[in-house]
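Residue-level listing of the chains:
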Amino acid sequence: MMQKKRVRLTLLINLFVYCCFSGIAYSQTQTIPLETKHHALVLQVSDQQDVRISYLGRRLNRVAEYKSIPDTYKQSTDYTGLLNSAYTPSGSRNLMEPAISVTHADGNQSLDLRYVSHEIQQLEDGISLLKIALKDPVYPFEVTLFYKAYFKDDVVEQWSEIKHDERGAVTLHKFASANLHLKASAYWLRQYYGDWAREMQPEEEKLTHGIKVLDSKLGTRANLFQPPVFMVSLDRPATEHEGEVLLGSLQWSGNFRTDLELDPQNNLRIISGINNYASDYSLEKGEVFTTPVFMYTFSAQGKGLASRNLHNWARDYKLLDGHGQRLTLLNNWEATYFDFNEEKLKALLKDTKKLGVDLFLLDDGWFANKYPRNGDTAGLGDWEENRSKLPNGIGTLVKEASANGVKFGIWIEPEMVNPKSELYETHPDWVIKQPKRDEYYFRNQLVLDLSNPDVQDFVFGVVDDLFTENPDLAYIKWDCNAVIYNAYSAHLDNQSHLYIEYVRGLYKVLERVRAKYPTVPMMLCSGGGGRVDYAALQYFTEYWPSDNTDPMERIFIQWENSYFYPAIASANHVTDWGKQPIKFRTDVAMMGKLGFDIVIDHLNDNDLAFCQQAVKTYNGIKGTIWHGDQYRLTHPRENSVASMLFVDKAKEKGVLFNYLVNNRYDEGSHLPIKLDGLDPERNYRISEINLYPGTSSPIAGEQVYSGDFLMKIGFNPQVRKARESVILQLEAE
Ligand code: GLA
């Protein structure tokens, strides 16, 4: 008897010790704080076993006080208390916008989710993972919520896993990744809209009651009209330095949906995930549905800090080769369009060398024979070299590039097909289109059905064949120019899975590409900037923000992108768009990864000399731009001068870009612009760089200022008409 009691006691103690040290908790009511350096997300388990978000905001000094945070909802028996659910189910007690909504195997549409257990794991230094298991009390239906916290960057990634043990399939009507709650007196949403050549147009407004939805239903090129990134400021619009602000986005390269619901009690509910539009998901017994990741960062010191946290996080954990190098390049798209041959390209390889950049990038138009790719109406899908343009193949060009001391890269758009192509003729069943309806095209093309493993093999093969035949190929520009019209897959039994399976298929291909070619740089392009997100950027070293390379427009587009993505990922090319002089165009392109897409032969002597010198100058400052901290000093929408500063991590070097963005009379920098991110104690020498041949700078370059002075008083770059673009270099003494 005594023996048995002792064993039971030992088991209980072991269980207690296990719970304490593994983080698994079994108590009735508890508070689960998830902390990063300055931020906390606090979950609470009620005595009803409901899991709620009781707080999202600045971290408290005392962990014990999280449990004293008052409920932000009115306490009344009429209110079920589920308004701030950490993952809002539908059809039972909750009557707000759901995070999840289902039809069970027996046709019942109610769902309730109660706490089962939770666990916190330390994944690696500075990264922890909180898992919360939830279960329906009536149905064998489970959801696990995941919160991955990146301590030093104040970033949280959130997703969920859904599974069941019912007798048949359960239909998921909505299946969000994240369900957050914020409490403030008012909320300001900064969102973006756009179109081709007009990406990242910002709008910021106070949220009113009801639901604001940010979404895409385009399937591919999903960000064309609206990207998934957004910001929410609490209490008042945040500035660069001040205010509480959350920057968030879904990591998913397809249809997304973010609901921002301001409820009657002034709580903001943010629900984000795959767009459930035409996407009911039939979940088989035992199958696990893993949602994509929603990520956010929270800053109590404005948008500037939030963006720098995201940049650091991206370079550390997301962007492929985030701490690596990038290749400067010469692209032939705008120089030749489809009109080139081997001879012309050989001349361009020489120009690449002459310019001093690392790589020549051959764009669209190099492939297809039966229906040659001489325009955008034919040939897409037929990835063998066009014999009349390139009789000796790509291989000769890759060798010729080597002989010229430059690298060679190539454009592909492997997910797409022109109806006028051999691929379409051979595999009409590989194409997304409605069998009984007229075909409808976007840029004269259709999208291949990546839900089909044969198509995945084909797309992987496009890349693999290029590298197998040309092992020295050094760069890929991966384009995606069409949206999905007439969504229908000849491969899938369940059509409502197509939008999801497409993206899963794309990631499978990219996984295979990266397993075999882990380091080759790849640019993510989508008819301009129609696709960038952090799921895709795990496979790409850079993205193309827009086909609009007019430098004035680019200042604005790059500016808004810079809140979410680091400059090292921004592929910026100098082209003939815009009327600005070559210096202005080059300076703007330098605020990221520099490339050129101009006819070198057409440059006059001074322009050519300037470009050659600019490439050398860029090689000296690119480390600071790619790996340093970025500070937006004066916003182009609010000032006549836009100023952007990059400071290296050691605070020894800085590069300050300044542009006149308003051409009216007497506009310019009449006053000093306050710098940021410097060491107040150190002295910095300021000089102007990247001057056009034959011009001189009014900035002496001998004066030295303390970081303290430059941050409190500032420095005038003397931007005005005739000095419309000024780059200053800071060097600590
Ligand atoms: C898209 C890209 C361009 C270029 C063309 C080629 O529009 O954004 O940069 O590559 O395709 O057809």
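Residues numbered from 1 in each chain as written. Predicted model: local features only at pLDDT ≥ 70, side-chain atom pairs only at ≥ 80, totals over all residues. Heavy atoms only, no water.

Chemist: How should I be thinking about empty space enclosed by the protein in this particular structure?
Modeler: Regions of empty space are outlined by a rolling probe, equal in size to a water molecule, passed over the atoms. Tallied over the full model, the rule gives eight cavities of 30 Å³ or more. The volume enclosed by the largest cavity comes to roughly 120 Å³. Lining the largest cavity are 15 residues, with M200, P227, G529, V532 and N561 sitting closest to its centre. Residue classes in the lining of the largest cavity are distributed as 10 nonpolar, four polar and one charged. In this model, the second largest cavity occupies a volume close to 80 Å³. Lining the second largest cavity, in full, are Y543, Q558, W559, N561, S562, Y565, P566, A567, S570, M591, Q630 and M644. A total of three residues in the lining of the second largest cavity trace back to one element, the largest contributor, which is helix α9 (residues 551-561). (1 Å grid on protein atoms, 1.4 Å probe; cavity = no way out; pocket = protein on both sides within 12 Å on 5 of 7 lines; lining within 4 Å. Points joined across faces, edges and corners; volume = space filled by probe spheres on them. Nonpolar A, V, L, I, M, F, W, Y, C, P; charged D, E, K, R; others polar. Helix = DSSP H or I, 4+ residues; strand = E, 2+ residues; numbered from the N terminus.)

Chemist: Please explain the pairing of strand β7 (residues 141-150) as it appears in this structure.
Modeler: Two faces belong to every sheet, and in a regular strand the side chains alternate between them. With nine of 10 residues buried, β7 is to be regarded as a mostly interior element. Two elements, strand β6 (residues 127-135) and β7, share nine bridges in a ladder whose sense is antiparallel. Its bridge partner being in β7, I132 is matched across the sheet by L145. Linking β6 to β7, which pair antiparallel, is a turn of five residues. Looking at chain direction, β7 and strand β8 (residues 155-164) are connected through 10 bridges and run antiparallel. Of the residues in β8, the one forming a bridge with Y147 is Q158. Taking the residues between adjacent antiparallel strands as the criterion, β7 and β8 are bridged by four residues, where D154 takes a positive phi near 55°. (Buried < 20%, exposed > 50% of the residue type's maximum accessible area, 1.4 Å probe, protein only. Pairing = 2+ DSSP bridges.)

Chemist: Can you walk me through the sheet that holds strand β18 (residues 281-283) in this structure?
Modeler: Strands pair in a sheet through their backbones, by hydrogen bonds, and they do so in one of two ways: parallel or antiparallel. With antiparallel pairing, the three strands of this open sheet are ordered in space as β4-β9-β18. Two strands close off the open sheet at either side, each with one partner strand: β4 (100-103) and β18. Recorded for the sheet is a direction-independent mean angle of 35° between the axes of neighbouring strands. Pairing geometry for strand β9 (residues 170-175) and β18, over three bridges, is antiparallel. Its bridge partner being in β18, L172 is matched across the sheet by Y281. (Axes fitted to C-alpha atoms, helices over the stretch in contact; angles between N-to-C directions.)

Chemist: When you look at the confidence of the model for the protein in this model, what are you seeing that I'm missing?
Modeler: If pLDDT is low for a region, its predicted coordinates should not be looked at in detail. Put simply, the protein has an average pLDDT of 95, and 96% of its residues get 70 or more. Mean pLDDT per element in the protein: helix α1 (residues 2-22) is the minimum at 36, and strand β19 (residues 289-290) is the maximum at 99. Below pLDDT 50 for its whole length, residues 1-27 participates in 17 contacts with residues either more than four positions away or in separate chains. (pLDDT = per-residue confidence, 0-100. Contact = heavy atoms within 4.5 Å.)

Chemist: Before we go on, may I ask you to explain the environment of G527 in this structure?
Modeler: Structurally, G527 can be placed in the loop between β27 (522-524) and β28 (542-543). Along the chain, G527 and D479 lie 48 residues apart, while their C-alpha atoms are 6.7 Å from each other. Dropping the residues within four chain positions of it, G527 is found in contact with W196, E199, R221, D479, C480, N481 and D547.

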